[in-house]
Amino acid sequence: MRHAVFVAPFGPLADPYRLIDLAHACEETGWDGLFLWDHVLRPESNEIIDPWVSLGVIAAETHRLRIGTMVTPLVRRRLLKFAREVVTVDRLSSGRVTLGIGLGVDTHGELTRTGEIVDQKARGAMLDEGVPVLAKLLSGAIVDHHGEHYVLEGVGLEPKPVQQPRPPIWLAAGGGLGKAVRRAAQYDGVFPLKIDSGRFSRMLDEIAAVRGDLEDFDVVVNTGPGSMPPAHTHEHATWAMHAWPAVADLNHVFDVVGNGPPEQSRLDSSA
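Novice: How do you make sense of the environment of Glu61 when you look at a structure like this?
Specialist: Following the sequence through the fold, Glu61 ends up in helix α2 (residues 51-61). Those residues in contact with Glu61 that lie beyond four places of it in its chain are Ile20 and His24. Within the structure, Glu61 has its side chain in polar contact with the side chain of His24 (distance 3.1 Å).

Shown next as structure tokens:
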């Protein structure tokens, strides 16, 4: 299991220089990844910086960390512009970006106050249409697509991403079952939200049924800062996201990060 620091670029962390310091600390103390929330409005703080611009800076300042968003809602993105952002960060990082994608939320009117689509079923339809188009773009193929939500006419990306056939795509799955899980199973990983042990097991069964097995598929689970995730996830989880609140205490973040991920901490204490 690999361990990532998962923070929001809000409040005290709405500062790219602090995020750079955090990324350096993550690399120095053995963490495997650094992932950022992707929001434009939140009730906790109006101090928010852009995650993808921040990831570009982090990419140039690090050498080993896997970086990305958890999660970017396609409902707020133009596919071609977004694909170019992802390719830029992938090239800056020499192939270390992972793309987390989800439906998005309307917390604090993030969708309603900006004229975006709010209906969850409609946003799901946008994901079903948009993710395959985005994946094709990121693979370097020429895309001709005329759909209900997206249109691209003979469009291809140059330069291509470093990662081939494309950067990994993880999809959030709220509730842990049903269409969201089957959607995630078609790509490279799943980020289950609010899921108990029974649902977790059934989710994995459903993914294996779609894919044939869980080989080369990431199961990404949330946990508290510096803590191992729930025991029922240990057999199959490939990534633990150490999640802080929206507005994190900087001292706490750097203290936990400085101790290294929990498995490394146990190794150090037993040495």
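Novice: Help me understand the sheet that holds strand β3 (residues 66-73) in this model?
Specialist: Paired through their backbone hydrogen bonds, the strands of a sheet run either parallel or antiparallel. Taken in spatial order, the eight strands line up as β1-β2-β3-β4-β7-β8-β9-β10 and close into a barrel, and their pairing is parallel. Across the sheet, the mean angle from the axis of one strand to that of its neighbour is 25°, orientation sign disregarded. With four bridges connecting them, strand β2 (residues 33-36) and β3 associate as parallel partners. Looking at the pairing, Phe35 lines up with Gly68 of β3. Where helix α1 (residues 16-28) meets the sheet, it contacts β1 (2-7) and β2, and its direction lies at approximately 150° from that of β2. Its contacts with the sheet place helix α3 (residues 79-92) against β3 and β4 (97-102), and it is angled at close to 150° to β4.

Novice: Would you take a moment to explain the layout of surface pockets for this structure?
Specialist: Regions of empty space are outlined by a rolling probe, equal in size to a water molecule, passed over the atoms. There is about 1000 Å³ of room inside the largest pocket. Taken together, 42 residues line the largest pocket, and the ones lying closest to its centre are Val105, Ala172, Ala173, Gly174 and Leu193. Elements supplying a minimum of two residues to the lining of the largest pocket: β3, α4 (120-138), β7 (169-174), α5 (179-185), β8 (189-193) and β9 (218-223). The element best represented in the lining of the largest pocket is α4, accounting for seven residues. Within the lining of the largest pocket, the residues separate by chemical class into 21 nonpolar, eleven polar and ten charged. Lining the second largest pocket are 13 residues, and of these Arg77, Arg78, Leu79, His149 and Tyr150 lie nearest its centre. Sorting the residues of the lining of the second largest pocket by element identifies α3 and β6 (151-155) as the ones contributing at least two each. Classifying every residue of the lining of the second largest pocket gives eight nonpolar, one polar and four charged.

Novice: I tried to follow the nonpolar core on my own but got confused; where do I start?
Specialist: Within the largest apolar cluster, 67 residues are counted, with the highest numbers of intra-cluster contacts made by Val5, Leu74, Leu99, Ile101, Leu134, Met203 and Val257. It is α4 that contributes the most residues to this core, eight residues altogether. Among the nonpolar cores identified, the runner-up in size contains 15 residues, and Phe10, Met70, Phe191 and Met241 belong to it.

Novice: Would you take a moment to explain α1 for this structure?
Specialist: Since one α-helical turn is 3.6 residues long, residues separated by three or four positions face the same way. Its 13 residues give α1 an end-to-end C-alpha distance of 18 Å, which sits within 8% of 18 Å, the value for a rise of 1.5 Å per residue. Of all the positions in α1, only Leu19, Ile20, Leu22, Ala23, Ala25, Cys26 and Glu27 are classed as buried. Capping the start of α1 is the job of one residue whose side-chain oxygen sits 2.8 Å from the backbone nitrogen of Tyr17: Asp15. Looking one or two residues past α1, Gly30 carries a phi angle of roughly 95°, positive in sign.

Novice: What is the right way to look at the pairing of β6 in this model?
Specialist: Two faces make up the sheet, and in a regular strand the side chains alternate between them. Direction of pairing for strand β5 (residues 143-146) relative to β6: antiparallel, over a ladder of three bridges. Considered in β6, the bridge of His145 is made with Leu152.

Novice: What is the right way to look at the pairing of β3 in this model?
Specialist: Of all the eight residues making up β3, eight are buried; the element is thus mostly covered by neighbouring parts of the structure. Following the chain from β2 across α2 to the adjacent parallel β3, one finds a crossover that is right-handed. With respect to chirality, the unit in which β3 leads through α3 into the neighbouring parallel β4 is right-handed.

Rules and cut-offs
Residues numbered from 1 in each chain as written. Predicted model: local features only at pLDDT ≥ 70, side-chain atom pairs only at ≥ 80, totals over all residues. Heavy atoms only, no water. Helix = DSSP H or I, 4+ residues; strand = E, 2+ residues; numbered from the N terminus. Contact = heavy atoms within 4.5 Å. Polar contact = N/O pair within 3.5 Å; in protein donor to acceptor, adjacent residues only side chain to side chain. Pairing = 2+ DSSP bridges. Axes fitted to C-alpha atoms, helices over the stretch in contact; angles between N-to-C directions. 1 Å grid on protein atoms, 1.4 Å probe; cavity = no way out; pocket = protein on both sides within 12 Å on 5 of 7 lines; lining within 4 Å. Points joined across faces, edges and corners; volume = space filled by probe spheres on them. Nonpolar A, V, L, I, M, F, W, Y, C, P; charged D, E, K, R; others polar. Core = buried A, V, L, I, M, F, W, Y, C linked by side-chain atoms within 4.5 Å. Buried < 20%, exposed > 50% of the residue type's maximum accessible area, 1.4 Å probe, protein only. Expected span 1.5 Å × (residues − 1). Right-handed = clockwise from strand over helix to strand, strands pointing away.

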